[in-house]
Structures are given as structure tokens and as C-alpha cells.
Amino acid sequence: MDTNAAAPAIDVQGLECRQGERTILHDVTFSVAKGELFFVIGGSGCGKSTLLKHLIGLLPVAAGRIAYFGRDFTTAGPAARREMQKSFGVSYQYGALWSSMTLAENVALPLQEHTTLTADERREIVRWKLAQVGLSGSEDQYPSEVSGGMRKRAAIARALALDPQIIFFDEPAAGLDPITSRSLDRLILEIRDNLHTTMVIVSHELPSILGIADRAILLHRDVQGILAEGAPRQLLAESTDPRVHEFLAPEDVTAAPRSP
Amino acid sequence: MQTQPATAATLSVEETTEVCRLTVGGRWERADQRPQWSPAPGAAFRRVEVVVTPLERWDGSLVIFLGEVRRLCEKRGWPLAVQGLPAGIPPALVQVQPPPARTNGYTWPWLSEIGLATRKLGYDLRDYARFLGNCTIGFGQLLLRPAHFRWVDCFGQMQQCGALGLPIIGLISFLVGVIMAYQSAVLLRQFGADIYVADLVGLGVVREMGPMMAAVVVAGRTGAAFAAEIGNMKANEEIDALETLGLSPVRFLVLPRLLALQLMMPLLALYANALGVLGGLLVAWGLLDLPPITYWIETKGVLDLSDLGTGLFKSVVFGGLIGLAGCLRGLQADRSAAGVGKAATSAVVTSILCVIVADAVFAVVFNILGL
């Protein structure tokens, strides 16, 4: 699918996102380079998840253009879109593992549907993918039998199954304790370094944002779009917009002035 | 620190023609008697002032009191000012606001309601058409490439909706046979036509009640289960996960269920027929002293293949309707626990309604065709 070697992994031009009748975001323009760890950040309700759903094709684009590796995704026909979707992996907020299947079957299903591997070959790949996320030995457990952190890891293994070029994460740290969340961050870094996968992460977890992000866009309700773009630490150091600091600066809650 | 004797909540009211000043003090607790402010019905103040002096203690009862004052002021159109409001009660809570206009923002709310409902109907119809189209395409692909179909899921569903439903369907059909036999026995015995109980029960069960009772039980058992399971998967983003992997939820979730139901329904109807006839036979034997063999021969004589065939054909259609309704309601469910519950309810209602309507249509069509 590498049609254009020079093109960025993701190129979004003037995207307008609507949910039903309501415009959530307008004129969103950014691009993500190959192998970049790119964060979409912002407070609750600013449209992060909506943007993600548009990027992966779950919601129809109202206006604008999304291109992957130089190929237009918005105007592609259903077959071409499905083809392009196979090159993404998506890790959903609560894992979204298929609850009637074991972890191994969850990882195996994309392989079974989209490759010509035999059952034995699939089993090897599944063992490898699960080992990669540190879940060796839990192959035959059902999603309801494992902890939230393990479910997240299994979801990442499933997202990795087809060796995607881009992985999207929706709130990887949602509902996890800080230690599990840090280990997940380490896992994301490792995968990027080993496989050179492009990562797009929707998050509002400050430690992850400041810890592992190469670059980020900060969405804000007031502007219904991108408020700031750049490396998070640099944004924190250089931005003059108080709203950027409000989001990124780790503030002491008790020292904050009481709202009237 | 000296413990003070508990003082109750106090309220003093100063009324002039211009201003009504309420001074609040003491100790406000929910368990105690709360003072009331009741201005004279004819009173007309320019404004109302509430002064809260430092209170020994206060809780929700003060909030309730202030709310009552605010509502009274709103009703009578007096501006309200509160001084010394304790920290912890947001000032917005005691502001007098004009009563909100009860419209949806349009000049003629009822007209726009009709418009919105019509547009929603249009969207719903489009969804139904798209769903049916996807199912048809899926069936086409199933015929072209049967090896690619998820037979394992299909067999699992067949077991769920077929084999595991046998006890309840058997019991209900048996009882329906018993009831029909009783009803007809009472009437036919007056004319000495006892033997025709077999004809009545046989025809009624095989043509109508067997397929119908099987369909009603399956709608309640399996249709609701489809809607709840698929709705829950949607709430859990599992459907999204299928779609982003380029896998169609219709092919993956709907078709195995639909096919399973359509394959199992005729078998369930056949089983329901048998149990219904058995119920009639036992009643005739016990109540009318009709020998079972006589009853059986009479039943065999009155039934022909078209009676059985129409019943089984109907049950295939019923199975399709129940499966479609259950899966569609599941896919349409809101992403919440309440949404899943609503989807299950709606699936049962929709499928029973469709089954009854289809049965009525079949009755007319079969009559015209002479079947």
C-alpha cells in the first residue's frame, strides 16, 4: 500500500467533523510522518474521539480530505476503503475484544479473515503477538476473565495482528492505574521502535503526553478545532496561550483559586 | 470551647411597603422544624432581601428554605437578593429566573414535531432498506462461497435457538393442543360428533397453532437474545472493531443467526405440531373415551401434505422475520445498558407483530390459492 514513498503516513486537510446535526470540529488540518508517535489531546468533550472515528472511517466525513500514504481515503470506494482499513490497527477505549472468543481467537480472527495462513501458521503468529504484549499463557482465557490492563494489551495484540502500518489508540490509559498505564506507554514505545509503526493516540493523560509523544495537536472546545500543534514539552515552554498551559501544566489543585 | 444550648432555626420578617427583609439565623437542620415564610396573598413588594446571619450549623434544610423563597419570588415577580450566603451554596441557586418558555425553539412547535418525526421515519426506512440489502448481498455471497461462511457460529446458534428451546416449545404446544381439544370436545359432544375433535385439533395445530406457537416462543427466547447480544456488542465497541477490520457485521453476526433460525424453525414447528396432536389425543382419550388409535387414524385422514407444507413454509418465513427484527434492533441499539434493554423489548414486539401480520397475509393468500 506504499504508493507514495515521500507522502506522510496521514494527511488531513480541512476536515469537518459532524455528529448528527452538530458540527464538532471544523477545518482540522495536520499530517503525521511515518513512524511518528502522534497524540491527539484535549479535555473531555472537545472532539478527540469523534476525530478518531472519522480517521478510521466509522463516521462519514462532512467536508475535507483524509489521505493515507498519499492515497485518498475519503473518496475511495467501499472496496478500496476496506483494503486501506486492513492496514490500520485500532485499539478501542475499553478494548472492544469480542467477548464470545478467547484472547487467542480474538487475535486470530483478522488473520483468518484476511490472510491465507493455515491454522498452524496462525497459531504461531497469535502466540508471537500475545507474547509481544506480555500475555503468554493467557491464550485460552476469555476477555471477561482477565484484568482491564490485560484486556488493553490483548486489544493491542489484535490491532497488531495484520502487521499494520498505522495503529490508532483511543484512550489507552482509560480506567487503568498509573503503573499499568506506564507499562502500556512503554509497550507502545517498544512497538514503535521495533516495528516502525506510526502511532496515533487519543489521550488526556498528562504523564503519557509529556512522556512519550513526539508531536501532538491540542483540540479545544472554544475553537472547535486545533488550538496548538507541536511537541508537548515545547508547547508547554513556548506557548503563550493560557488555554494550552491550563491543559498541559501540572497544577496543584489545592492552590488553584476557588471558583466563585 | 463552651457547648451552647441548641438553638432552633430562626426567621424574622420585616415588611415595609417597599422591601420585605427576611433575616435567617440559628441552627438549620433537616430533622428540625423549618420556619416558613408566607407573605399575605395581596402583598406587593418592590423586592425581597434575605440576610443570612452567621449560622451555627446548616444543611439541606436551608437550601430547601431558600428554594421556597426563590420560587415564591419567581411566581410573584419580586426581585430577590441574598446577603451573607454561606460558602458552599452557589449563588446561581438563589437567582430568580424568568420561567423558561416550553418550546423547542420553533414558532409552531407542533408543526416542527411533525416535521422531525417525518424525517426520522425517512431515516428509519433508509436504515431498514440498507439492512435488508446487506442481508440479501450476504446471502448471495453465502451461495457463491459457502466455505467462507461462519458455519461454527451458525451451528452454535442452531443449538441455542433449536435444541435448547425444545422443552418450553414442547410444553406450550402440548398445552395448546389440550386446550383446543377441551374447547371442541365440550361443543362437539352435544352433537355426538366426538371423533371430529381429532379433525379440529389436527387441522388447527398443523396449519396455524404449531408454527405460530413455535414462532411466538422463539421470538421471546431467541429474538430478544439476538437483540441483547448484538446491542451489548455495539455498546462495547465490538461492532466498531469488526468494521475497522473490514469485516461486515451483517456477514459476521446477522447471517449466521438468520440462517440458523430459518433452518431450525420448520423443525421446531414440526415438533410443536406433534406435541399439539399428542395433547389433543390424550384429552380425547381421557375425556371422550376415544381410543388413541381411532384418534390417530382420523387425524391422518384429515391432514394432507399441503396442510403440513403450508405450516412449515410459514415457519421458515417466521424464522426469517424474527431473526431480522432481533438483529436489526440490536444493531440500532443505543450504546448504553438502557439501550440494550429497549432493543430486546423492541425486538420481541416487532417480531411478534411481523409474525401475526405475516400469518394474516398467508391466510388470505393460501385461501386464494386454494391450499
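Residues numbered from 1 in each chain as written. Chains lettered and ligands numbered in written order. Predicted model: local features only at pLDDT ≥ 70, side-chain atom pairs only at ≥ 80, totals over all residues. Heavy atoms only, no water.

### What to know about the overall build of chain A
Step number 1: Secondary structure assignment for chain A yields nine helices and 10 strands.
Step number 2: A globule of 260 residues ought to have a C-alpha radius of gyration of about 18 Å, and chain A, at 19 Å, matches this closely.
Step number 3: By the burial criterion, 50% of the 260 residues in chain A qualify as buried.
Step number 4: In chain A, the proportion of contacts linking residues at least 24 apart, taken out of those at least 6 apart, comes to 65%.
Step number 5: Surface exposure of chain A reaches about 11900 Å², of which carbon and sulfur atoms provide 49%.
Step number 6: Distance between charge centres in chain A, computed from 26 positive and 32 negative side chains, equals 3 Å. (Helix = DSSP H or I, 4+ residues; strand = E, 2+ residues; numbered from the N terminus. Rg over C-alpha atoms; globule rule 2.2 N^0.38 Å. Buried < 20%, exposed > 50% of the residue type's maximum accessible area, 1.4 Å probe, protein only. Contact = heavy atoms within 4.5 Å. Areas by Shrake-Rupley, 256 points an atom, 1.4 Å probe, with all protein chains shown as cover. Lys, Arg positive; Asp, Glu negative; His and termini not counted. Charge placed at Lys NZ, Arg CZ, Asp CG, Glu CD.)

### What to know about the domain arrangement of chain B
Step number 1: Taken as a whole, chain B is organised into domain 1 (2–93) and domain 2 (131–369).
Step number 2: Each of domain 1 of chain B and domain 2 of chain B has a C-alpha centre, and these two points are 66 Å apart. (Domains from an automatic or database assignment.)

### Comments concerning the sheet that holds strand E1 (residues 10–19) of chain A
Residue and element names in this part refer to chain A.
Step number 1: Strand order in this open sheet of four strands is E2-E1-E4-E5, and the pairing throughout is antiparallel. The open sheet is flanked by strand E2 (22–32) and strand E5 (71–72), the only strands paired with a single partner.
Step number 2: Of the strand pairs in this sheet, E1 and E2 are connected by seven bridges, and their pairing is antiparallel. In the sheet register, Cys 17 faces E2, and the bridge partner there is Leu 25.
Step number 3: Running over the sheet, helix H1 (residues 48–55) touches E1, E2 and strand E4 (63–68) and is turned about 115 degrees from E1. (Pairing = 2+ DSSP bridges. Axes fitted to C-alpha atoms, helices over the stretch in contact; angles between N-to-C directions.)

### A short note on the side chain of Ser 61 of chain B
Residues and elements named next belong to chain B.
Step number 1: Assignment of secondary structure puts Ser 61 in helix H1 (residues 60–76).
Step number 2: For Ser 61, a relative accessible area of 3% corresponds to the buried category.
Step number 3: Once residues lying within four places of it in the same chain are set aside, the contact partners of Ser 61 are Trp 28, Glu 29, Arg 30 and Arg 34.

### Some thoughts on the interface of chain B and chain A
Step number 1: On the side of chain A, 25 residues touch chain B, which itself brings 18 residues to the contact.
Step number 2: Together chain B and chain A conceal approximately 1800 Å² of surface at their shared face, both sides included; 55% is due to carbon and sulfur atoms.
Step number 3: Considering only the surface of chain B that becomes buried against chain A, Glu 237, Thr 244 and Leu 245 of chain B emerge as the three largest contributors, covering 35% of it.
Step number 4: At the surface where chain B touches chain A, the tally comes to two salt bridges.
Step number 5: Residue Arg 150 of chain B pairs with Glu 113 of chain A through a salt bridge whose shortest N-O separation is 3.6 Å.
Step number 6: In this structure, the connection of chain B to chain A is made through seven residue pairs in polar contact (both at pLDDT 80 or more).
Step number 7: Elements represented by at least two residues in the side of chain B that touches chain A include exactly helix H6 (238–244) and helix H7 (249–288) of chain B.
Step number 8: The element that contributes the greatest number of residues to the side of chain B that touches chain A is H6 of chain B, accounting for six residues.
Step number 9: Across the side of chain B that touches chain A, the residue classes tally to seven nonpolar, four polar and seven charged. (Buried area = accessible area lost by both parts, 1.4 Å probe. Salt bridge = Lys/Arg side-chain N within 4 Å of Asp/Glu carboxyl O. Polar contact = N/O pair within 3.5 Å; in protein donor to acceptor, adjacent residues only side chain to side chain. Nonpolar A, V, L, I, M, F, W, Y, C, P; charged D, E, K, R; others polar.)

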